[in-house]
Amino acid sequence: MNFHKYIHAVGTGPKGNKNLTLEESKDAMEQILKQSVYSEQAAAFLLGWRLKPETTEEFKGVVEACDMFIKNSVVPNSIELGYPFDGKANNPYIFPLVAKILEDSGLNLVVIGDDLAPAKKGIILKDIATNIKLNKNLHYFDRADFFKEMHDLTELRMRLGLRTGLNTIEKLTKVANSEYAITGVFHKPFVKKYVEAFSHRYKKLALIQGNEGTPELFSKGRLWIAEGNDIQEIIVDPEHYGINYTKSWDRITLEESLEQLNNPSDEYLKLAKLNAAVFLFVSEQAKSIDEAFEKLN
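Residues numbered from 1 in each chain as written. Predicted model: local features only at pLDDT ≥ 70, side-chain atom pairs only at ≥ 80, totals over all residues. Heavy atoms only, no water.

**Let's talk about the overall build of the protein**
- Looking only at helices and strands, one finds 14 helices and seven strands in the protein.
- A globule of 297 residues ought to have a C-alpha radius of gyration of about 19 Å, and the protein, at 19 Å, matches this closely.
- In terms of principal-axis extent, the alpha carbons of the protein reach across some 60 × 40 × 35 Å.
- Taken over 297 residues, the protein has a buried fraction of 57%.
- Here the contacts in the protein between residues at least 6 apart in sequence split such that 74% fall between residues at least 24 apart.
- Accessible surface for the protein amounts to roughly 13100 Å². Of this, 50% is attributable to carbon and sulfur atoms.
- Positive and negative side-chain charges of the protein, numbering 37 and 42 respectively, have mean locations separated by a distance of 3 Å. (Helix = DSSP H or I, 4+ residues; strand = E, 2+ residues; numbered from the N terminus. Rg over C-alpha atoms; globule rule 2.2 N^0.38 Å. Buried < 20%, exposed > 50% of the residue type's maximum accessible area, 1.4 Å probe, protein only. Contact = heavy atoms within 4.5 Å. Areas by Shrake-Rupley, 256 points an atom, 1.4 Å probe, with all protein chains shown as cover. Lys, Arg positive; Asp, Glu negative; His and termini not counted. Charge placed at Lys NZ, Arg CZ, Asp CG, Glu CD.)

Here it is, written out as structure tokens:
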């Protein structure tokens with residue numbers, strides 16, 4: 001279909017914009033991923049789509065288009081952790097420590113990485129996963145290998161320098177056919193959008209007010225558990241578990257992030273244990289976070 005139709009739908013302003021159907025958004029994304037349209041057209045669409053803004057049906061269509069290109073694997077008894085591709089700027093990653101804690105549980109963690117995407121300019125997951133020894137229950141997938149078409153859009157997105165709708169939908173790929181998934185959200189209104197777009201793809205989907213948009217809990221926040229369209233909200237407070245970790249508000253380097261993983265403090269290990277408990281609860285290996293935390297102790 002003529003791609004100008006899609007640019008017109010998202011780029012003519014509040015009075016002229018219109019929402020795309022699932023099939024239209026799927027077709028638009030397929031053309032962008034195939035790079036069968038000019039890069040200027042792809043950029044115009046992505047920016048207009050973000051400003052319109054995106055609908056759940058459009059997200060679903062884009063996800064279906066992505067499914068056409070993703071090379072899937074199977075990691076049994078796994079939970080997919082959806083991380084943003086713009087990295088973490090002020091705090092270290094914790095997932096390698098969580099994997100160590102969960103090694104005897106039988107639960108596999110699935111993470112994906114790629115080159116830096118807009119707009120935070122943080123330390124990316126790929127830099128962590130490729131510079132540290134990963135536990136056998138931690139499975140890293142590089143997007144350049146399993147979804148090259150999206151990887152190839154990175155340069156265009158970096159030229160734009162702004163977040164687009166791709167930042168929202170790209171975190172959960174189902175690359176390992178995991179039954180369970182958890183990803184981070186900044187704003188509560190996006191919980192409903194994620195649930196509507198992704199919950200049917202997993203046995204159980206969780207969203208958490210994680211540190212810097214990741215699925216990693218560093219301070220008091222909300223956890224939403226979705227089964228179908230039913231959503232349960234839980235408050236998780238590290239202080240309840242005797243954890244007194246202090247988040248950083250200053251930028252850290254990759255070397256500092258790796259150092260904290262290689263030589264973690266006692267409080268950081270406790271925090272990793274709490275995150276592990278959350279993952280066990282989400283993957284139905286415990287009836288509550290409290291129960292999971294006790295088991296890990």
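Now that the structure has been shown, the text picks up again.
**A word on the environment of Glu-149**
- Here Glu-149 is to be found in helix α8 (residues 148-151).
- By relative accessible area, which is 26% here, Glu-149 ends up partly exposed.
- C-alpha separation for the pair Glu-149 and Trp-224, spaced 75 residues apart in sequence, amounts to 31 Å.
- In this structure Glu-149 touches Leu-33 and Phe-69, once residues within four positions along its chain are discounted.

**Regarding the side chain of Asn-137**
- Considering the arrangement of structural elements, one finds Asn-137 in the loop between α6 (125-129) and β3 (138-142).
- A polar side-chain atom of Asn-137 sits 2.9 Å from the main-chain carbonyl oxygen of Ala-99.
- Residue contacts for Asn-137: discarding those within four places in its chain leaves Ala-99, Leu-102, Glu-103, Leu-107, Asn-108 and Leu-109. (Polar contact = N/O pair within 3.5 Å; in protein donor to acceptor, adjacent residues only side chain to side chain.)

**Quick word on unusual backbone geometry**
- Following Lys-52, the chain continues into Pro-53 via a peptide bond in cis, with omega recorded as 0°.
- With respect to the helices, strands and loops of the structure, Pro-53 is situated in the loop between α3 (39-51) and α4 (56-67).
- The residue after Pro-118, namely Ala-119, is reached through a cis peptide bond having omega 15°.
- Position of Ala-119 relative to the elements: it lies in the loop between β2 (108-113) and α6.
- Despite not being glycine, Asn-77 has its phi angle at roughly 45°, a positive value.
- Looking at where Asn-77 falls in the secondary structure, it is placed in the loop between α4 and β1 (78-82).
- Under the relative-accessibility criterion, Asn-77 is labelled partly exposed at 38%.

**What about the pattern of salt bridges?**
- Under the criterion given, the structure shown has 25 salt bridges.
- Residue Lys-18 pairs with Glu-24 through a salt bridge whose shortest N-O separation is 3.5 Å.
- Here Glu-24 falls in the buried class, since its relative accessible area comes to 12%.
- One salt bridge in this structure joins Lys-126 and Asp-115, with 3.3 Å as the shortest N-O distance. Taken together, the positions of Lys-126 in helix α6 and Asp-115 in the loop between β2 and α6 put the pair eleven residues apart, joining distant regions of the chain.
- Since its relative accessible area comes to 32%, Asp-115 is described here as partly exposed.
- Taken together, the salt bridges that share partners define one network made up of Asp-114, Arg-143, Arg-157 and Glu-170. (Salt bridge = Lys/Arg side-chain N within 4 Å of Asp/Glu carboxyl O.)

**Thoughts on the nonpolar core**
- Formed by 51 residues in total, the largest nonpolar core has its most connected members in Met-29, Ile-32, Phe-45, Met-150 and Ile-169.
- With near-sequence residues (within four places) excluded, Phe-45 lies in contact with Phe-3, Tyr-6, Ile-7, Val-10, Leu-20, Ala-28 and Ile-32.
- By size, the runner-up hydrophobic cluster in this structure holds 50 residues, among which are Ala-99, Ile-132, Ala-276 and Val-278. (Core = buried A, V, L, I, M, F, W, Y, C linked by side-chain atoms within 4.5 Å.)

**Some words on the side chain of Lys-174**
- One can find Lys-174 in the loop between α10 (165-169) and β4 (180-184).
- As a buried residue without a salt bridge, Lys-174 has its nearest oppositely charged side chain in Glu-80, at a separation of 6.4 Å.
- Aside from chain neighbours lying at most four places away, what touches Lys-174 is Asn-72, Glu-80, Arg-201 and Tyr-202.

**A short note on the pairing of strand β5 (residues 204-208)**
- Most of β5 is tucked away: five of the five residues are buried.
- Burial of the side chains of β5 extends over both faces: Lys-204, Ala-206 and Ile-208 are buried on one face and Leu-205 and Leu-207 on the other.
- As defined by bridge partners, β4 adjoins β5 across five bridges and the pair is classed as parallel. Bridging from a neighbouring strand, Gly-184 pairs with Ile-208 of β5.
- Of the crossover connections in this fold, the one passing from β4 over helix α11 (residues 189-198) to the parallel β5 is right-handed.
- Relative to strand β6 (residues 221-227), β5 runs antiparallel, the two sharing four bridges. Bridging from a neighbouring strand, Ala-206 pairs with Ile-225 of β6. (Pairing = 2+ DSSP bridges. Right-handed = clockwise from strand over helix to strand, strands pointing away.)

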